[in-house]
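Overview (structure and organization)
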Amino acid sequence: MEFEQIFINHMENPVGYEFNDLFINCQIKANSYSNELLKRLKITNSKKEIFSTDWEPANDLSFQPDLQLQSKTRYQVFVELKDKDRIYKKEAFFETGLMTGFKNSQWIGSSDEGIHGIQAIKEINATSKVKKARLYVTGLGLYEVYIDNQKVGDEYLAPGFTNYSYYTQIATLDVTKYLKTSGTHVLKISLGDGWYKGKLGIKEHGGKENQYGNALMTNAELDLEDDIGRLQVIGTDETWKIQTSEITHSGIYYGEDLDETMTPKTLSLKVFEQPSKHLKDRLSLPIKAHEIFRPKKIVTPAGNLVLDFGQNMAGWIEFENDLPKGTKVEIQYGEILQNGELYRENLRSARASFTYVSNGIKHLVRPHFTYFGFRYAKVNGLSNDYDVTNFKAVALYSDMNQIGDIQTDNGLVNQLFSNIQWGQKSNFIDVPTDCPQRDERLGWTGDAAIFAKTASYNMNTAQFNKKFAYDIAVEQSQRQGEVPLYVPNVDGDDGGKAVWGDVATIIPWITYQRYKDTTILKQNFGAMMSWVDWIHDYAKKTKNEFLWLDSDQLGDWLALDTEDIFHLKGKTPDDLIASAYYYQSTLIVSKTAQVLNAKREFDYYRLLANKIRESFINEFFTASGRLITDTQTALALCLHLNLYPKKFKEQLVSKFIERIEKDKNHLTTGFVGTPVLLPALTENNQHDLAVQIFLNDDYPSWLNEVKLGATTIWERWNSVQENGTISENGMNSLNHYSSGAVMQWSYEYLLGIQQKEQLIIAPRITPKFRKLAGYTDLNTGQLAISWKIEDRQGSQVSLKIDIPYDNPAKIILPNTKEWKDNGIVHQNGDVLAPGHHEITYQPTVAFINTYSVHTALKNFDDEKINNKLRELVPFWNFIELPGNFDHFKEFSLLQLSNEMKGIGFSPLTHEQIKKIDAYFREYSKNKIMEKDDK
């Protein structure tokens, strides 16, 4: 056994965070596990024990110690695991920040509202050896700290994006190494507009300035402890110097202007009242630099120098300055080339440029208080023969560990999964933004809600979600429980929309499901209830308090079945979507109450959920079980959320399939329908059809984007046309992660991960892939699953499964009643203990990739098939009449079966469908045998 890691509040050795609740969990790795494992925790401060447990059975690998923490204190955490006579040890630490805010400092800055970059400077005289130094610091807008012109730490865009009027975050920086030598040191805090003061929002075109304030300011306390224990505290006050910086202008949308030939000018210092209601130790994960990309040089038809970094991302470009003093360079960012030139129209009013004037000194140049969404960059001011190896693109995102991935034998699918992960990285910059490039970049709640589960499989989002959930609750507290469309709610007065507002319940619940930590539920239970209560209060004013009716909604945003004149939302009724999510959120709140042992709340919200479900069925289904609409989204949503009359389930599934067949087995869904489309099919015994839709590579589909060169997920299914031309409209991002929620289906059904009360591993093995492998972290370690169809005949399947501690898993495999694990026979549905397992079985029905009644006619190019279909399909002779095949080639047999009623043919019966599919299987099997004989 290997003791891999201790996490404190799901982070590694966190410093300066708010620690209202402690959750300590461990991850171990082993091929087998003992039922006799014991665990023990000890926490010390300066080698003094302040908390400990006795040896206890390791039913799980987590602890929730209840202790009174002190500010500015480092705590050592020791965990021991004992297996029989062997003890495994690991240690970690966490360190508290100020906890109660600043006590020895003031808010200082410049009162000049027209200045976009200032520096607060203090000379520090270290007369004796510094043993320990901590800087507690914040700033409005964004800040960076320097000591002796060396940047402190590796965090950018601090203090993150919050509702600054309500709260601002304080960071704790270990600056000991910067002050080791005695003598004079210069502490400098550089400030830029950022989200606080720069243009931001969508209510006014291009954003509005001064959303939270109009003056740059900072607050900081530096604690210096020398080698004999003397403490010196230096706080920001009137003795500091305020001056202009070399950053003459910066903004999230604007970009940045950096002129290193400028001589700083001293400004009058102003002391400010506290600008935020609350000062808090940090919740935000730091935004850090991650992957680095080198460019390919392009000289465009117009003679411009353009760099292609090969990956759409969020971040910036850095370069080694070797330019003569006074040389000015401009870097313009964009996502795509059109006619060989950089295209930037989809950035709308965002200037999205970086200008630099060289001081002639060789050093690394980068922006400071902005970021860009880009793959390409046009560089003005350099000759086309300039050595572009000086440039590199740096990806910026919140510091979350990647914990999951899926790989298949299909290169397009692998690229899709990469695109989804890059969409997440590009938009998880302190808050989950909608896009990183244009004049928006806001924390749109709907996107975050539908993508939250996928995000949690890909990366450790526990702390990221905790901070965003807190941000949501902050906004709700000012709106009587209503959730705005984006958080922080910069300039909007719009909110109370289904799906978008349901982020208040969805994110805390998913975080609990994934990480088995109740602290986020405790933190947000009140806010979760207040959202459902807000809907209920609204509904009471309408004709039915158990339905969400007659409300302005965003509906199935950007669906393809639109009848809206602006082509912004699909035709699924708003009332149906809103009422379905009203039910889902109420059900989540009742489950949360059950977890938290809140019996009264559990009873109330469970009863309310039942009433909503009953009213939903009465409102949206006829007495004969017909849903009032047949859109893909409505049918998928009802099936996935169990919102239908039980006795009419088969009828509803048939209608769902019929609707998809009418749409030529392609999706027509938007924001609401896309995440539930494939799950609803797979959950209702239509996995082959789900896989077929997933693997479509013509428009509209996920893989069509990949074939057209996408490296992230697009906002629209047709953001780029087949000829490579970008769709011209006022809203077209090429880095919009929401439809990437399909990766949740891939984790849960292709891989087979079902995190319920009992972990279930049930991979839906399909011959559309020959092999598939993936992994994600559970609370105690990594769960890894791979499966492979070993032979072309599909008659032998193997799996490798690594199950982490405390997660025994029920194994359910398709097309079999039994299987062998390391040679031992098991019945399907048996539970396997944590450890490494190698499974083999021979399926009762071979996994052969074949045609079906869902296959478009254009694929039937073999005369043998046509001859047989003349026997099996009553209307095949009609199809073969001159011109008919070309006319109907995009349609499947099943769709044509339903359509042929109009000219006298009866629909295919279940028996006929079985015979046709059986023939296709036999045909494919024979083709394989023919190839093998050769």
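Everything below is about the structure printed above this text.
Described in the following lines is the structure provided in the data block. Because the structure is predicted, anything quoted here is derived from the model rather than measured. (Residues numbered from 1 in each chain as written. Predicted model: local features only at pLDDT ≥ 70, side-chain atom pairs only at ≥ 80, totals over all residues. Heavy atoms only, no water.)

1. Section: the packing of helix α15 (residues 863–872) against helix α19 (residues 910–933)
In contact at an axis separation of 11 Å, α15 and α19 are set at 160° when each is read in the N-to-C sense. One way to sum up the angle between α15 and α19 is to call them roughly antiparallel. In this structure, the crossing between α15 and α19 has a hand that is right-handed. Of α19, the residues touching α15 (which contributes Lys864, Ile865, Lys868, Leu869 and Leu872) are Lys915, Ile916, Tyr919, Phe920, Tyr923 and Glu930. (Axes fitted to C-alpha atoms, helices over the stretch in contact; angles between N-to-C directions. Helix = DSSP H or I, 4+ residues; strand = E, 2+ residues; numbered from the N terminus. Parallel < 35°, antiparallel > 145°, perpendicular 65-115°, else oblique. Left-handed = near helix turned anticlockwise from the far one by under 90°. Contact = heavy atoms within 4.5 Å.)

2. Remarks on the pairing of strand β33 (residues 372–380)
Looking along a regular strand, one sees the side chains alternate between the two faces of the sheet. By the criterion of burial, β33 is predominantly enclosed, with eight of the nine residues buried. Pairing geometry for strand β27 (residues 305–320) and β33, over seven bridges, is antiparallel. In the strand pairing of β33, Met313 is matched with Phe374. Across five bridges, the pairing between strand β28 (residues 328–334) and β33 is antiparallel. Each residue of the ladder has a partner; that of Gln332, found in β33, is Lys378. (Buried < 20%, exposed > 50% of the residue type's maximum accessible area, 1.4 Å probe, protein only. Pairing = 2+ DSSP bridges.)

3. Quick look at the pattern of salt bridges
All chains considered together, the criterion is met by 46 salt bridges. Taking the shortest distance from any N to any O, the salt bridge between Glu871 and Lys868 comes out at 3.3 Å. One end of the pair, Glu871, and the other, Lys868, are both in helix α15, three residues apart, so they sit about a helical turn from each other. For Glu871, a relative accessible area of 61% gives the class exposed. One salt-bridge network, in which partners are shared between bridges, spans Arg348, Asp434, Arg438, Asp439, Glu440 and Glu715. (Salt bridge = Lys/Arg side-chain N within 4 Å of Asp/Glu carboxyl O.)

4. Concerning the sheet that holds strand β43 (residues 809–811)
In a beta sheet, neighbouring strands pair by backbone hydrogen bonds and run either parallel or antiparallel. Spatially, β38-β39-β43-β46 is the arrangement adopted by the four strands of the open sheet, whose pairing is mixed. Edge positions in the sheet fall to β38 (753–755) and β46 (831–832), since each has one partner strand and no second.

5. A word on helix α5 (residues 503–515)
Note: α-helices contain 3.6 residues per turn, so residues at a spacing of three or four share the same orientation. For α5, spanning 13 residues, the distance from its first C-alpha to its last is 18 Å, which sits close to the expected 18 Å at 1.5 Å a residue. Along α5, 12 of the 13 residues are buried, which leaves the element largely enclosed by surrounding structure. Against α3 (445–458), α4 (462–477), α6 (519–540), α7 (574–595), β38 and β40 (771–778) lie the buried residues of α5. In the segment just after α5, Lys516 is the residue with positive phi, at about 55°. (Expected span 1.5 Å × (residues − 1).)

6. Re unusual backbone geometry
Of all residues except glycine, most have a negative phi; of all peptide bonds, most are trans. Of note, the bond from Val487 into Pro488 is cis; its omega dihedral lies within 30 degrees of zero at -5°. Along the chain, Pro488 falls in the loop between α4 and α5. At the junction of Tyr699 and Pro700, the peptide bond is cis and its omega measures out at -5° in the coordinates. Residue placement: Pro700 occurs in the loop between α12 (687–695) and α13 (702–707). Phi at Asn9 takes a positive value of approximately 50°, unusual for a residue other than glycine. Topologically, Asn9 is positioned in the loop between β1 (2–8) and β2 (24–29).

7. What to know about the environment of Tyr775
Here Tyr775 lies in strand β40. The class for Tyr775 is partly exposed, based on a relative accessible area of 27%. For the pair formed by Tyr775 and Asp405, sequence separation is 370 residues and the distance between their alpha carbons is 5.8 Å. Sequence-distant contacts of Tyr775, that is, excluding residues within four places in its chain, are made with Gln402, Ile403, Gly404, Asp405, Tyr747, Leu751, Gln782, Leu783 and Ala784.

8. Observations concerning the pairing of strand β34 (residues 391–398)
Of all eight residues that make up β34, eight are buried, and the element is covered over most of its length. With five bridges connecting them, strand β25 (residues 287–293) and β34 associate as antiparallel partners. Pairing of Ile292 across the sheet is with Val394, part of β34. For β27 and β34, the ladder comprises five bridges, and the chain directions are antiparallel. If you follow Phe319 over to β34, its bridge partner there is Phe391.

9. Here's the deal with the sheet that holds strand β10 (residues 117–126)
With antiparallel pairing, the six strands of this open sheet are ordered in space as β13-β12-β16-β10-β19-β22. Whereas interior strands pair on both sides, the edge strands pair on one side only; in this sheet they are β13 (150–151) and β22 (266–267). As paired strands, strand β12 (residues 142–147) and β13 are joined by two bridges and run antiparallel to one another. Residue pairing for β13: Ile147 is matched across the bridge by Gln150.

10. Remarks on the packing of α3 against α5
The interhelical angle for the contact between α3 and α5, taken along N-to-C directions, is 5°, at an axis separation of 9 Å. In terms of their interaxial angle, α3 and α5 are classed as roughly parallel. From α3, Thr445, Ala448, Ala449, Ala452, Lys453, Ser456 and Tyr457 reach across to α5, where they touch Val503, Ile506, Ile507, Ile510, Gln513, Arg514 and Tyr515. Counted by class, the contact of α3 with α5 contains nine nonpolar, three polar and two charged residues. (Nonpolar A, V, L, I, M, F, W, Y, C, P; charged D, E, K, R; others polar.)

11. A closer look at the side chain of Gln755
By the element assignment, Gln755 lies in strand β38. Engagement of the side chain of Gln755 in a polar contact is seen with the side chain of Arg514, the distance being 2.7 Å. (Polar contact = N/O pair within 3.5 Å; in protein donor to acceptor, adjacent residues only side chain to side chain.)

12. Considerations on the packing of aromatic side chains
Applying the stated criterion across every chain, the model contains 43 aromatic pairs. Between Phe616 and Phe620, the aromatic rings sit 4.7 Å apart at their centres with planes inclined by 50°, giving tilted as the arrangement. Remark: Phe620 and Phe616 occur in helix α8 (residues 599–620); sequence separation between them is four residues, near one turn of the helix. When its relative accessible area of 0% is taken as the criterion, Phe616 is described as buried. Looking at Phe620, the relative accessible area reads 3%, which means it is buried. Centre to centre, the rings of Tyr851 and Tyr923 are 6.2 Å apart; their planes meet at 25°, and the pair counts as stacked. Of this pair, Tyr851 sits in the loop between β47 (835–841) and α15 while Tyr923 sits in helix α19, and the two are 72 residues apart along the sequence. We classify Tyr851 as partly exposed; its relative accessible area is 22%. The ring of Phe78 carries Lys42 above its face, with NZ or CZ at 5.4 Å from the centroid. (Phe/Tyr/Trp six-rings, centres within 6.5 Å; stacked < 30°, edge-to-face > 60°. Lys NZ or Arg CZ within 6 Å of the ring centre and 35° of its normal.)

13. A look at the nonpolar core
If you look at the biggest cluster of nonpolar residues, it comprises 253 residues, and the most contacted ones within it are Trp195, Phe391, Leu678, Phe694 and Leu893. Examining the composition of this core, we find that 11 residues originate from one element, α7, more than from any other. Discounting residues that sit within four places of it in the chain, Leu678 has contacts with Ala690, Ile693, Phe694, Trp702, Val742 and Trp745. (Core = buried A, V, L, I, M, F, W, Y, C linked by side-chain atoms within 4.5 Å.)

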